[in-house]
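# Descriptive analysis of the structure
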Amino acid sequence: MDQQPHFYKRTYELGSGVNLTLGSRTLIMGILNATPDSFSDGGRYTNVDAAVAHAKAMVQDGADILDIGGESTRPGFEPVELEEEIRRIVPVIQAVREALPHIPLSIDTYKAETARAALEAGAHIINDIWGLKGDPNMAAVAAEYGCPVIINHNRHARDYNDLVPDVLADLQSSVSIAHNAGIADELIWLDPGIGFAKTHEDNLELLGRLSELHALGYPVLLGTSRKRFIKQTLNLPVEELAEGTAATVVLGIAHGCQIMRVHDVRQIKRAALMADAILYRS
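All of the points below concern the structure found in this document.

## Quick word on the sheet that holds strand β10 (residues 259–262)
Judged by pairing direction, the sheet is parallel, and its 8 strands sit side by side in the order β8-β7-β6-β5-β4-β3-β10-β9 without closing on themselves. Only two strands of the sheet have a single neighbouring strand rather than two, namely β8 (188–191) and β9 (221–222). Where strand β7 (residues 149–152) meets β8, 4 bridges bridge the pair, whose relative direction is parallel. Bridged to Asn152 within β8 is Asp191. Lying on the sheet, helix α1 (residues 48–61) is in contact with β3 (27–33) and β4 (65–69); it crosses β3 at an angle near 165 degrees.

As structure tokens, this is what we get:
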């Protein structure tokens, strides 16, 4: 590239000696699903000991953040009752926090009370697939705890007039919800919601125009790992999508994305390090 992307530089003090710095390199968020039905690793880490072992392995492989979820969001997923979601995630968060006390943990949920329970158990970040629109109390919980919040783009149906402008407008409306609740601007991260209410072609178009999302002025998290559009493009089984994911990650870094949510931490970390060597030059 002739021109390097702008990377936002911020340090987050998340409490109890847990810090997170944006702006010196790409951050890798490892996915830890405490669910029986996630699309690529459902049922593997519902046991607390297995979850902790996987968390340790991801950190060893280069994860900077761990994203813990108790409800699958794969296409056609069945919603999980609040009590069951909390039952799944709280013991995992507590155990991972004890085993890895300096690693930031995010909670992948759109339910405000699950987020509250997770933050009380030791999580530091909220990752909301409905961008503060799924539960009217979510923004208030995030503001109360003063934690970073990841605003993911989503819709109940694919009813766009113009894909990218509509995605940007939806995200800006979520940002307004955050502001109205008292969430500080520097605590907001955006996620284009690849795979959520989007077709194969929509996903490809949005990936090619990530710089327009970056231009809204917030750090951007990209979550493409093992998603269906990569599987369809490469015609490969889900366990063989690391290279395709890596291609989207490098493209995202080139467009200014700073956090990558992934399953295959070791491979993606290497791809990000190579991209960072080129793009994070001062």
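## Things to note about the packing of helix α9 (residues 242–254) against helix α10 (residues 265–279)
For the pair α9 and α10, the least separation of the axes is 9 Å and the interaxial angle reads 25 degrees. Classed by the angle they form, the pair α9 and α10 counts as roughly parallel. Viewed along their axes, α9 and α10 form a crossing whose handedness is right-handed. For the pair formed by α9 and α10, the contact residues are Ala242, Thr245, Ala246, Val249, Val250, Ile253 and Ala254 on the first element and Gln267, Ile268, Ala271, Ala272, Ala275, Asp276 and Leu279 on the second. In terms of residue class, the contact of α9 with α10 is made up of 11 nonpolar, 2 polar and 1 charged.

## Re helix α4 (residues 138–145)
The complete set of buried residues in α4 reads Met138, Ala139, Val141 and Ala142. The buried residues of α4 occupy one face: seen down the axis, they fall within an arc of 160 degrees. For α4, the secondary structure elements touched by its buried residues are α3 (112–121), β6 (125–128), β7 and α5 (163–181). Two residues or fewer after α4 comes Gly146, characterised by a positive phi angle close to 60 degrees.

## A short note on the packing of aromatic side chains
In the structure shown here, the tally under the stated rule is 2 aromatic pairs. The interplanar angle of 5 degrees and the centroid separation of 3.9 Å between the aromatic rings of Phe7 and Tyr280 together place this pair among those described as stacked. One end of the pair, Phe7, is in the segment before β1 (10–13); the other, Tyr280, is in the segment after α10, and 273 residues separate them in sequence. There is no split in this pair, since Phe7 and Tyr280 are both buried. Ring geometry for Tyr12 and Trp189: centres 5.7 Å apart, planes at 70 degrees, overall edge-to-face. Placement of the pair is Tyr12 in strand β1 and Trp189 in strand β8, with a sequence separation of 177 residues. Residues Tyr12 and Trp189 agree in their burial class; the two are buried.

## Section: the packing of α1 against helix α2 (residues 82–99)
Where α1 meets α2, the closest approach of the two axes is 9 Å, and the angle between their N-to-C directions is 45 degrees. Here α1 lies oblique to α2, going by the angle between them. As α1 packs across α2, the resulting crossing turns out to be right-handed. Where α1 approaches α2, its residues Val48, Ala51, Val52, Ala55 and Lys56 are matched on the opposing element by Pro91, Val92, Ala95, Val96 and Ala99. Among the residues forming the contact of α1 with α2, the class breakdown is 9 nonpolar, no polar and 1 charged.

Conventions we followed
Residues numbered from 1 in each chain as written. Predicted model: local features only at pLDDT ≥ 70, side-chain atom pairs only at ≥ 80, totals over all residues. Heavy atoms only, no water. Pairing = 2+ DSSP bridges. Helix = DSSP H or I, 4+ residues; strand = E, 2+ residues; numbered from the N terminus. Contact = heavy atoms within 4.5 Å. Axes fitted to C-alpha atoms, helices over the stretch in contact; angles between N-to-C directions. Parallel < 35°, antiparallel > 145°, perpendicular 65-115°, else oblique. Left-handed = near helix turned anticlockwise from the far one by under 90°. Nonpolar A, V, L, I, M, F, W, Y, C, P; charged D, E, K, R; others polar. Buried < 20%, exposed > 50% of the residue type's maximum accessible area, 1.4 Å probe, protein only. Arc of directions from axis to C-beta. Phe/Tyr/Trp six-rings, centres within 6.5 Å; stacked < 30°, edge-to-face > 60°.

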